[in-house]
Amino acid sequence: MFKKSKLQASLFALCLFVFSASANAQCAMCRAALGGEGNKVQAQAVNDGIVYLMLIPYILVAGIGYAVYRLYKKKKSE
């Protein structure tokens, strides 16, 4: 049981590392609008906003998944 959870944690950490490396991306319209050299701070702010908006659905799905897991465990122990 411990080896399985350690393997899952390792895979999760690896996925976080791989996907965080590619998180510095913009849509084509944003890239064109912020493409100049003088817009570096503004471009970074747009990238941060994109990442923030991208994280919300994942957090919600994780929360719902955890709630279902707790309900399943509670029902199983009864």
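Residues numbered from 1 in each chain as written. Predicted model: local features only at pLDDT ≥ 70, side-chain atom pairs only at ≥ 80, totals over all residues. Heavy atoms only, no water.

Turning our eyes to something else, we now look at the overall build of the chain. A count of helical and extended segments in the chain gives three helices and zero strands. Element order for the chain, N to C, with α for helix and β for strand: α-α-α. Residues counted as buried form 5% of the 78 residues belonging to the chain. A total accessible area of about 7,200 Å² is found for the chain, and carbon and sulfur atoms account for 71% of it. (Helix = DSSP H or I, 4+ residues; strand = E, 2+ residues; numbered from the N terminus. Buried < 20%, exposed > 50% of the residue type's maximum accessible area, 1.4 Å probe, protein only. Areas by Shrake-Rupley, 256 points an atom, 1.4 Å probe, with all protein chains shown as cover.)

Turning our attention to a nonpolar patch on the surface. A cluster of nonpolar side chains, Tyr 52, Leu 53, Met 54, Leu 55, Ile 56, Tyr 58, Ile 59 and Leu 60, forms an exposed patch at the surface whose accessible area comes to about 870 Å². When you line up the elements, Leu 53 lands in helix 3 (residues 40-77). (Patch = residues over 30% accessible without salt bridge, like charges linked within 9 Å, V, L, I, M, F, W, Y side chains within 5 Å. Salt bridge = Lys/Arg side-chain N within 4 Å of Asp/Glu carboxyl O.)

Within this numbering scheme, the UniProt entry marks residues 49-69 as carrying the feature "transmembrane region" (unreviewed entry). The straight-line gap between the two end C-alpha atoms of residues 49-69 is 31 Å; of that span, 100% is helix and 0% is strand. (UniProt positions renumbered as here; feature names shortened; annotations may be inferred.)

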